[in-house]
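Inside the fold
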Amino acid sequence: MNYDYLKIEKKWQKIWEETKPFAAVTGSDKPKFYPLVEFPYPSGDGLHVGHPRPYTAMDIVARKRRMQGYNVLFPIGFDAFGLPTENYAIKNHMHPRAVTNKNIAGFTSQLKMLGYSFDWDRVVDTTDPSYMRWTQWIFLQMFKHDLAYKTSMPVNWCTSCKIVLANEEVVGGACERCGGEVVKKEKSQWMLGITKYAERLIEDLDTVDYIDRVKAQQINWIGKSTGAEVDFKLSTGDVIRVFTTRPDTLFGATYMVISPEHSLINERIDSIKNVASVRDYQHEAAKKSDFERTELQKEKTGVMLEGIHAINPASGKEIPVFISDYVLATYGTGAIMAVPGHDQRDWEFAKQMNLPIVEVVQGGDIEKEAYSSKDDDAVLVNSGFLNGLKVKEAIPQMIDWLKQNGLGIEKVNYKLRDWVFSRQRYWGEPIPIIHCPSCGYVPMDEADLPLLLPDVESYEPTDTGESPLAQIHEWVNCKCPKCGGDAKRETDTMPNWAGSSWYYLRYMDAHCDTALASKEAIHYWSPVDWYNGGMEHTTLHLLYSRFWHKFLYDIGVVNTVEPYQRRTSHGMILGEGGEKMSKSRGNVINPNDIVDQYGADTLRLYIMFIGDFEKAAPWSDNAVKGCKRFLDKVWRLAHVKLSDEMSEYSERNERALHRTIKKVGEDIESLKFNTAIAALMAMLNEFSENGINRAELKDFLVLLSPFAPHIAEELWEIQGYGNTAAEQSWPSYDESKTLDDMKEMAVQVNGKLRSTVTLPTDSPDDVCVSEALNNPKIKKYAEGMQVVKTIVVKNKLINIILRPNK
RNA sequence: GGGGGCAUAGCCGAAUUGGCACAGGCGCAUGGUUUAGGCCCAUGUGGAGCAAUCCGUGGGAGUUCGAAUCUCCCUGCCCCCACCA
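Everything in this summary refers to the structure shown in the same document. Counting restarts for each chain: residues are numbered from 1 in the order of the written sequence. Chain letters start at A and ligand numbers start at 1, both assigned in the order the entries are written. Whole-chain, interface and lining totals are the exception, using all residues; otherwise, since this is a predicted model, local features are given only for residues with pLDDT of at least 70 and side-chain atom pairs are given and counted only at 80 or more. Remark: hydrogens and water are excluded; side-chain values derive from all non-hydrogen atoms of the structure.

**Topic: the side chain of His342**
The condition is simple: In this description a helix means any DSSP run of H or I spanning at least four residues, a strand means any run of E spanning at least two, and both kinds are numbered starting from the N terminus. Identification of polar contacts relies on pairs of N or O atoms within 3.5 Å, with a donor-acceptor requirement for protein atoms, meaning one able to donate a hydrogen and the other able to accept it, and with residues adjacent in sequence counted only if both atoms are side-chain atoms. Here a residue-residue contact requires only that any non-hydrogen atoms of the pair lie within 4.5 Å.
One can find His342 in the loop between β17 (335-338) and α11 (344-353). For His342, the side chain forms a polar contact with the main-chain nitrogen of Val361, separated by 3.1 Å. Of note is the side chain of His342, whose polar atom sits 2.8 Å from the backbone oxygen of Tyr371. Not counting residues up to four positions away in its chain, the partners in contact with His342 are Thr249, Val358, Glu359, Val360, Val361, Ile366, Ala370, Tyr371 and Ser372.

**Description of the pairing of strand β13 (residues 239-244)**
Which entries qualify depends on this criterion: A strand pair is defined by DSSP finding two or more bridges across the two strands.
Judged from the 6 bridges that link them, strand β12 (residues 224-234) and β13 form a sheet pairing that is antiparallel. Its bridge partner being in β13, Glu229 is matched across the sheet by Phe243. Hairpin connection between β12 and β13: a loop of 4 residues separates the two successive antiparallel strands, and Gly237 in this loop has a positive phi of roughly 95 degrees.

**Some points on the packing of helix α2 (residues 52-67) against helix α19 (residues 600-609)**
Threshold: Each axis is a line fitted through C-alpha atoms, taken for helices only over the stretch in contact, and angles between the N-to-C directions span 0 to 180 degrees. Any angle between 65 and 115 degrees counts as roughly perpendicular, while under 35 counts as roughly parallel, over 145 as roughly antiparallel, and the rest as oblique. Note on residue classes: Ala, Val, Leu, Ile, Met, Phe, Trp, Tyr, Cys and Pro are nonpolar, Asp, Glu, Lys and Arg are charged, and everything else, Gly too, is polar.
One way to put it is that α2 packs onto α19 with a least axis distance of 9 Å and a crossing angle of 100 degrees. When the axis of α2 is compared with that of α19, the two are roughly perpendicular. For the pair α2 and α19, contact is made by Pro52, Arg53, Thr56, Ala57, Asp59, Ile60 and Arg63 and by Arg604, Ile607 and Met608, respectively. Considered class by class, the residues forming the contact of α2 with α19 number 5 nonpolar, 1 polar and 4 charged.

**A word on the side chain of Thr568**
As for its placement among the helices and strands, Thr568 is situated in strand β27 (residues 566-570). Looking at Thr568, its side chain comes within polar contact range of the side chain of Trp530, at 2.8 Å. With residues near it in sequence (within four places) discarded, Thr568 still touches Ile211, Trp530, Tyr531, Asn532, Gly533 and Leu671.

**Focus: the nonpolar core**
Definition in use: As used in this record, nonpolar core signifies buried Ala, Val, Leu, Ile, Met, Phe, Trp, Tyr and Cys residues forming a set joined through side-chain atoms within 4.5 Å. Residue burial is assigned from relative accessible area. The probe radius is 1.4 Å, only protein chains are included, and a residue is buried under 20% of its type maximum, exposed over 50%, and partly exposed in between.
Leu516 and Trp548 are the most contacted members of the largest nonpolar core, which has 85 residues in total. Here this core gets 9 residues from one element, more than from any other, and that element is helix α5 (residues 129-144). When residues no more than four places from it in sequence are discounted, the contact partners of Trp548 are Thr135, Ile138, Met142, Leu192, Trp419, Phe421, Ala498, Ser501 and Trp502. Membership of the second largest hydrophobic core comes to 83 residues, among which are Val49, Phe74, Val595 and Tyr606.

**Things to note about the packing of aromatic side chains**
Rules: Stacked, edge-to-face and tilted are the three classes for Phe, Tyr and Trp ring pairs, Trp counted by its six-membered ring, which pair at centre distances within 6.5 Å; planes under 30 degrees apart are stacked, over 60 edge-to-face, the rest tilted.
Evaluated as defined, the whole model comprises 44 aromatic pairs. Arranged with centres 6.4 Å apart and planes meeting at 85 degrees, the rings of Phe78 and Phe107 form a pair that is edge-to-face. Taken together, the residues Phe78 in strand β4 (residues 77-78) and Phe107 in helix α4 (residues 96-113) connect sequence positions 29 residues apart. By the burial criterion, Phe78 is buried, and Phe107 matches it. Judged by centre distance (4.4 Å) and plane angle (40 degrees), the ring pair of Tyr531 and Tyr564 falls under tilted.

**Observations regarding the pattern of salt bridges**
So the rule is basically this: By salt bridge we mean one thing: a side-chain nitrogen of Lys or Arg within 4 Å of a carboxyl oxygen of Asp or Glu.
For the coordinates displayed, the defined rule picks out 39 salt bridges. A salt bridge links Lys64 to Glu669; its shortest N-O distance comes to 2.7 Å. One end of the pair, Lys64, is in helix α2; the other, Glu669, is in helix α21 (residues 650-669), with 605 residues separating them in the sequence. Through salt bridges that share partners, Asp204, Arg546, Lys550 and Glu562 make up one connected network.

**Some points on the sheet that holds strand β23 (residues 440-443)**
Read from one edge of the open sheet, 4 strands run β23-β22-β25-β24, paired in antiparallel fashion. Among the strands making up the open sheet, the edge pair consists of β23 and β24 (477-479). For this sheet the average axis-to-axis angle between neighbouring strands, irrespective of direction, equals 45 degrees. Here 3 bridges tie β24 to strand β25 (residues 486-489), and the two strands are oriented antiparallel to one another.

**As for the packing of α19 against helix α24 (residues 709-719)**
For the pair α19 and α24, interaxial distance at closest approach is 7 Å and the crossing angle is 125 degrees. Taken together, the axes of α19 and α24 lie oblique to each other. Of the residues in α24, those touching α19 at Ala600, Asp601 and Arg604 are Pro709, His710 and Ile711. Of the residues assigned to the contact of α19 with α24, the class counts are 3 nonpolar, 1 polar and 2 charged.

**Section: the protein's contact with RNA strand B**
Operational definition: The nearness test applies per residue and asks whether one of its heavy atoms lies within 4 Å of the molecule or strand.
Residues in close proximity to RNA strand B total 69 residues, the closest being Asn167, Asn496, Ile610, Glu744 and Asn799. Sugar plus phosphate, as a fraction of atoms of RNA strand B within 4 Å of the protein: 63%. For RNA strand B, a phosphate oxygen lies 3.0 Å from a polar atom in the side chain of Asn674. The dominant element in the surface near RNA strand B, judged by the number of residues it contributes, is helix α20 (residues 621-638), at 6 residues.

Written as structure tokens, this is what we have:
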């Protein structure tokens, strides 16, 4: 006698579609609550079974908060610009617009199939001109505030396709499409100055409620380090500036290393005697990623610049200059002073190259490895005026000395790099900048936004590494807004991170055409109260959107310093074997199949019951059945008209009810959906044992409704309680009714469990101890012993410490 | 290499945050119900032992009356690393 989930679920989804019970009201007097899920990228594969995990979780939260009297904004949209859509379009000769529309339609019907209480009137699509307009508008504001600039950056370049590749398209150093060699190539790129916000992005984490691992990851990613920049004079008369976190070890700098891309090499190529080997090395380095280059394990390589040497500003000694790929052009100044005695990478390089290793900090054994400790027993030696100082004292002393002699400055450095904002692709927002031969980079007039993508024949990037837009001459050629002369449009597009950096603001007022959202809506809804998303977005999307928000705050568009008040994160859903789901492994679960076979309510319930929400969990077909059984059991118990009579076990039912109300309510707020469902299952087991009446079922259905809304509404209607379950108030509980009269307490002797005693709840400690000592088993242990100490943990445990009588 | 995290039953996982290890589910076993299968219901289910008991949270040490939980060392696994989103 199982229920017809397909019919019931369709029925309620239709009702929700027509009556819109989940629409948010801007300006309502109720307290507002804004939960947010990361909007999906509408890929051609459709919804993945990983999507419902965060979506169901936040739907449960949203539904519960509505029942608690909140005005809830629970929106959804589509992050629809991106590479896979473009590649699909190229392959199938379709317009990316058509592909996107098809995919969004598919995602929409799948999301509706799962019964989410989204406000469908606020759907956002980042590729829609009315949305793109404001993404471009924000970019223009950044440009006007000197946060957007052009610079030369290395890109992945396939030497055979002659196009720029995304990191993802580079597989094992080769082009994913043709297998050709991929090298780093310098290309002029638009950048956003996120590093100007580095300090605030760290500091303001104190004002938000993010789970610790998100905070830690962002802080480490931004990578603040304090040290100094020091100038080294070269024999060529140039000065190379290096960044170091250990200025105290300057006397131990026995050589210098600059990155293979350093501009000095070209500038002083005439002074270099071994040009051929330097060029070879540069070519080899260009093939490697930063990731490969900084691997500590690998053998260090490098080439000395013959004919050039530097002077150590502290010791005055001549030291050689190398190029090596373990120094990155993009971090610090692209050059380092090498202190092999006290930096492990320098130590390995020095061993490799047979360079002298000098000890300037005592405390380790530099014959075996570099000694990099900053502890108090690390003391400076061989370092002139620093001798005898602890590292912590020597650092400020050296900085003072550098400042006084004009040789360096104190410097805070960040690992965070500015954001490469250009893509040589078609399916993204065009960057609304015009290149004028006489005026330079000129922003488009805001009134002319949005700048739409032109229709093109082919979406392939060109073989010069330009975006396909470059070939549309009627689109590229334009007049300069400033001088009216002939000019050209920027042909690079924005990365898809652009649209996702501010979408939560658009939801607040999704159809506004005078601003990205009205002031009124922004002030009413900000900030997002609870944002749940994947850990993989911590250092990219989440950081980018915090940066954009802070910029919008600075220019007066938004009224809060941070966009998201609370951030939580869910674990991945893995395949049955515990491996990541992927098409190539063939272990992908399609939510449609599960809904067909068991229904949306079962899928929702299972995906929340699968395990700890914050951890990865493997899918199990069998375990899904357990959740279906639970709902079948609910149905059997509740689809017949129940009586109003109290059962003889009503006291037990009442206690189960109050406990479950407490547990489910608390668990939902603390992401423990799995134990909330376990509590509902236990409650149902109690009811089926004791019998259930109409009033008891009513509360049960209200508790169940956020998790399995369709079956809850159907049974609600069958019982004729009036209105809908979703409109009910969240039930409250009475603490005193959750408690037992008697408690079974553990009795330990010397910390080992020996027996139990059952006592009235909250019995005083001395009663507990005397009852324990009266216990026959404990008496046996206590024979010939004296009680040294007793420990009582209220309602839980009595521990008696015994020693032999003397 | 850097960063973040994880390890409890045959499997997924609980454990009031230092207090009776294993709630709930899956699976399995036995019995019942059913024309049969499925469904459903009941009971049992960490290991060893006839038992009293003993052992048990990846491995090792430590702190404590008491450790899955805290500290240190070791091992194994997963995720992210800036142009996938």
